[in-house]
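Residue-level listing of the chains:
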Amino acid sequence: MGRVSNKVALVTGAARGIGRAQAIRLAEEGADIIAVDVCGPVETVVSPGATPADLDETVRAVEATGRRIVRAVVDVRDGAALRTAVDAGVAELGGLDIVCATAGISNSGPALELTEQQWQTMIDVNLTGVWQTCKASAPHLISRGGGAMILTSSIAGLRGLVGVAHYTAAKHGVVGLMRSLAKELAPHHVRVNSVHPTNVDTPMIQNDMVRKVFRPDRENPTREEFAEAAVTMNMLPIPWVEPIDIANATLFLGSDEGRYVTAVTLPIDAGSTQR
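Quick caveat: nothing in here was measured; it's all calculated off a predicted structure.

Caption draft 1: The arrangement of the domain arrangement of the protein chain in detail. What the domain assignment reports for the protein chain is domain 1 (8-199 + 242-267) and domain 2 (206-239). At the interface, 8 residues of domain 1 touch 8 residues of domain 2. Carbon and sulfur atoms supply 60% of the area buried between domain 1 and domain 2, which totals about 620 Å² over both sides. The tally of links from domain 1 across to domain 2 stands at 0 salt bridges. The residue makeup of the side of domain 1 that touches domain 2, split by class, is 2 nonpolar, 6 polar and no charged.

If you want it as C-alpha cells, here you go:
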C-alpha cells in the first residue's frame, strides 16, 4: 500500500469503466483524485453514456478508501471548462502529480461510409480531448517539479482495425501526441506514456452495437456469443481484459516504480498486437 501516497491524480472519463478503476486503484495506493466526466450522451455514440449517478458511485468508492476526491462534470472537448475544473481541483487538493487522460468514445462503420460528424466527433473527443487534458494539466505538473501522464490509447493505436478507421486514427494520434509531449516535458521531469488495451469489459464494448459487429450471424448476440468471437482477437485464450488490468498498469507508470519510464507504448492486450 502507499505506492502513490500523498499524490494527486486527475482522471478523465472517471464515471465508469477504465477511468473509475484508475481512480479507485490510485486512491487505494494513497492518491487524492480529481474526477472528470461528461456524464451524458455524446453525439454519434449509440451506446448509453455515463450518468451523474455513475460519477457519484466513483466518488463513493474513492471516499471508501479514505482519500479525498473532487468531481467535475466537464466535456474534455471544452478546453476552457476543463482548465477551470483542473485548476479548482488542484487548488482544493494542493497540487497535481499524475494525469490519466482516459475519456473516450467508440462507434463503428466502414471508413468510406462514416459521416463527417462521426469522424469529427471521434477526433474531437479521443484525440483533441486528450490534448486538452494534457494542456490543462501540464503547467501544474511542471510547477510541482515533475509527474506522470498516462494517455489511454488502444490496440487500435498500434495496428489497423477494420470498421473503426476514425477510432484507429484518433488512437494513433494519441501515440504521436504522447511521443512529442514526452520529449517536450522531459526537461521538467514529467514522464508521458500511453497504455494500449485490447477489448475491456466495460459498457464501451458490452452493448448491442459492438456485439452485432462481432457476431453478425446473430440477431441479438448474447454476452457469451460475443465472447466466442472476441477471444479470437487475443493470443491468450480470453475474450477481454478487466478495467483493473489497465488501472494496475497506470499505477505502475504513475508511481516511482516507473520513474525512468517515458515515451513507452504499453500494451495490456493479452498478446493481441502480436497475433
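Continuing now.
Caption draft 2: Summary view of the packing of aromatic side chains. The tally for this structure, following the rule as stated, stands at 2 aromatic pairs. Measuring from ring centre to ring centre gives 5.1 Å for Phe-226 and Trp-240, while their planes differ by 50°; the resulting arrangement is tilted. Taken together, the residues Phe-226 in helix α7 (residues 223-230) and Trp-240 in the loop between α7 and α8 (243-254) connect sequence positions 14 residues apart. Overall, the relative accessible area of 0% leaves Phe-226 in the buried class. In this structure Trp-240 comes out as buried when scored by relative accessible area, which is 9%. Taken together, Phe-214, Phe-226 and Trp-240 form an aromatic cluster joined through their ring pairs.

Caption draft 3: Representation of the pairing of strand β3 (residues 69-73). Here strand β2 (residues 32-37) runs beside β3; their pairing, made up of 5 bridges, is parallel. What sits directly across from Val-36, in β3, is Ala-72. Considered for its hand, the β-α-β crossover made up of β2, helix α2 (residues 52-63) and β3 is right-handed.

Caption draft 4: Inspection of the pattern of salt bridges at higher detail. Inspection of the entire model under this criterion finds 15 salt bridges. The partner of Arg-68 in a salt bridge is Asp-32, and the shortest N-O contact between them spans 3.0 Å. Of this pair, Arg-68 sits in the loop between α2 and β3 while Asp-32 sits in strand β2, placing them 36 residues apart in sequence. One salt bridge in this structure joins Asp-56 and Arg-71, with 2.0 Å as the shortest N-O distance. With Asp-56 in helix α2 and Arg-71 in strand β3, this residue pair connects regions lying 15 residues apart in the sequence. The class of Asp-56 is partly exposed, set by a relative accessible area of 29%. Linked by salt bridges that have partners in common, Arg-215, Asp-217, Arg-218, Glu-225 and Glu-228 make up one network.

Caption draft 5: The arrangement of the layout of surface pockets in detail. In this structure, the second largest pocket occupies an estimated 210 Å³ of space. In this structure, the second largest pocket is lined by Lys-7, Asp-97, Ile-98, Gly-146, Gly-147, Ala-148, His-189, Arg-191, Gly-254, Ser-255, Asp-256 and Arg-259. Class assignment of the residues belonging to the lining of the second largest pocket gives a composition of 2 nonpolar, 5 polar and 5 charged.

What counts and how
- Residues numbered from 1 in each chain as written.
- Predicted model: local features only at pLDDT ≥ 70, side-chain atom pairs only at ≥ 80, totals over all residues.
- Heavy atoms only, no water.
- Domains from an automatic or database assignment.
- Contact = heavy atoms within 4.5 Å.
- Buried area = accessible area lost by both parts, 1.4 Å probe.
- Salt bridge = Lys/Arg side-chain N within 4 Å of Asp/Glu carboxyl O.
- Nonpolar A, V, L, I, M, F, W, Y, C, P; charged D, E, K, R; others polar.
- Phe/Tyr/Trp six-rings, centres within 6.5 Å; stacked < 30°, edge-to-face > 60°.
- Helix = DSSP H or I, 4+ residues; strand = E, 2+ residues; numbered from the N terminus.
- Buried < 20%, exposed > 50% of the residue type's maximum accessible area, 1.4 Å probe, protein only.
- Pairing = 2+ DSSP bridges.
- Right-handed = clockwise from strand over helix to strand, strands pointing away.
- 1 Å grid on protein atoms, 1.4 Å probe; cavity = no way out; pocket = protein on both sides within 12 Å on 5 of 7 lines; lining within 4 Å.
- Points joined across faces, edges and corners; volume = space filled by probe spheres on them.

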